[in-house]
Amino acid sequence: MTTATRTLLTVICEAALEKKLLADLDRLGAPGWTLSEARGRGSRGVRSAEWDTEGNIRLEIICARELAEHIAEHLQARYYDNFAMVCYLADVQVLRPEKF
């Protein structure tokens, strides 16, 4: 089995940012992404997801470390001040490294 280390960038943020984030990822060169709805509670309270734009999304990107850090820095500079957003990085072992 062939594996390789890549970086998983996870972004949890307001659903209202979805279209902007996906455009950013395309422009920044993300090889792909996974998007899902997310609910939870944090420093800004409970996100109920009663309306499409009130909920949270969880966006996951697996890529090279440099790209993950570049994307995270961009998101931090552009969105952190005005939107509920959290980003974190983790090293992961992928089974098909050529895809990432």
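Scroll up for the structure.
Keep in mind that this is a model prediction, so the values were computed, not measured.

K.L.:
I tried to follow the pattern of salt bridges on my own but got confused; where do I start?
P.N.:
Two side chains of opposite charge can pair, provided their charged atoms sit close to one another. Per the counting criterion, the structure on display carries five salt bridges. With a shortest N-O distance of 3.0 Å, E69 and R65 are connected by a salt bridge. Pair noted here: E69 and R65 are both in helix α2 (residues 65–79), with a separation of four residues, about one helical turn. Taking the relative accessible area as the measure of exposure, E69 reaches 32% and is therefore partly exposed.

K.L.:
Is there a simple way to think about the environment of T2 in this case?
P.N.:
Structurally, T2 can be placed in the segment before β1 (4–14). Judged by its relative accessible area of 56%, T2 falls in the exposed class. Taking the C-alpha atoms as reference points, T2 and Q93, separated by 91 residues in sequence, lie 9.7 Å from one another. With residues up to four places along the chain from it excluded, the contact list for T2 reads V94, L95 and P97.

K.L.:
Is there a simple way to explain the packing of aromatic side chains in this structure?
P.N.:
Pairs of aromatic rings are described using the distance from one ring centre to the other and the angle between the two planes. What the rule picks out here adds up to one aromatic pair. With 6.0 Å between their ring centres and 65° between their planes, Y79 and F83 make a pair best called edge-to-face. For F83, a relative accessible area of 23% translates into the label partly exposed.

K.L.:
Would you take a moment to explain the sheet that holds β1 for this structure?
P.N.:
Within a beta sheet, neighbouring strands are joined by backbone hydrogen bonds and run either parallel or antiparallel to one another. Read across the sheet, four strands follow the order β2-β5-β1-β6 without closing on themselves; strand pairing throughout is antiparallel. Looking at which strands have only one partner, the edges of the open sheet turn out to be β2 (34–38) and β6 (85–94). Strand-to-strand twist across the sheet, computed as the mean angle between neighbouring axes with direction ignored, equals 20°. Sheet topology note: the β1/β6 ladder contains 10 bridges and is antiparallel. When the bridges of β6 are listed, C13 appears paired with M85. Packed on one face of the sheet, α2 meets β1, β5 (56–63) and β6 and runs near 175° to β6.

K.L.:
Is there a simple way to think about the packing of helix α1 (residues 18–28) against α2 in this case?
P.N.:
Packed helices, taken two at a time, are described by the angle their axes make and the gap between the axes. The geometry of α1 relative to α2 is characterised by a closest axis approach of 11 Å and an angle of 140° between their N-to-C directions. By the angle between their directions, the pair α1 and α2 is classed as oblique. In the packing of α1 onto α2, the handedness of the crossing is right-handed. Contact residues: K20, L21, D24, L25, R27 and L28 in α1; L67, H70, I71, H74, L75, R78 and Y79 in α2. Residue composition of the contact of α1 with α2, grouped by class: seven nonpolar, two polar and four charged.

K.L.:
For this particular structure, what's the right way to read the side chain of T10?
P.N.:
Looking at the secondary structure, you find T10 in strand β1. Judged by relative accessible area, which is 0%, T10 ranks as buried. For T10, the residues in contact, after removing those within four places along its chain, are R58, L59, E60, V86, C87 and Y88.

Calculation rules
Residues numbered from 1 in each chain as written. Predicted model: local features only at pLDDT ≥ 70, side-chain atom pairs only at ≥ 80, totals over all residues. Heavy atoms only, no water. Salt bridge = Lys/Arg side-chain N within 4 Å of Asp/Glu carboxyl O. Helix = DSSP H or I, 4+ residues; strand = E, 2+ residues; numbered from the N terminus. Buried < 20%, exposed > 50% of the residue type's maximum accessible area, 1.4 Å probe, protein only. Contact = heavy atoms within 4.5 Å. Phe/Tyr/Trp six-rings, centres within 6.5 Å; stacked < 30°, edge-to-face > 60°. Pairing = 2+ DSSP bridges. Axes fitted to C-alpha atoms, helices over the stretch in contact; angles between N-to-C directions. Parallel < 35°, antiparallel > 145°, perpendicular 65-115°, else oblique. Left-handed = near helix turned anticlockwise from the far one by under 90°. Nonpolar A, V, L, I, M, F, W, Y, C, P; charged D, E, K, R; others polar.

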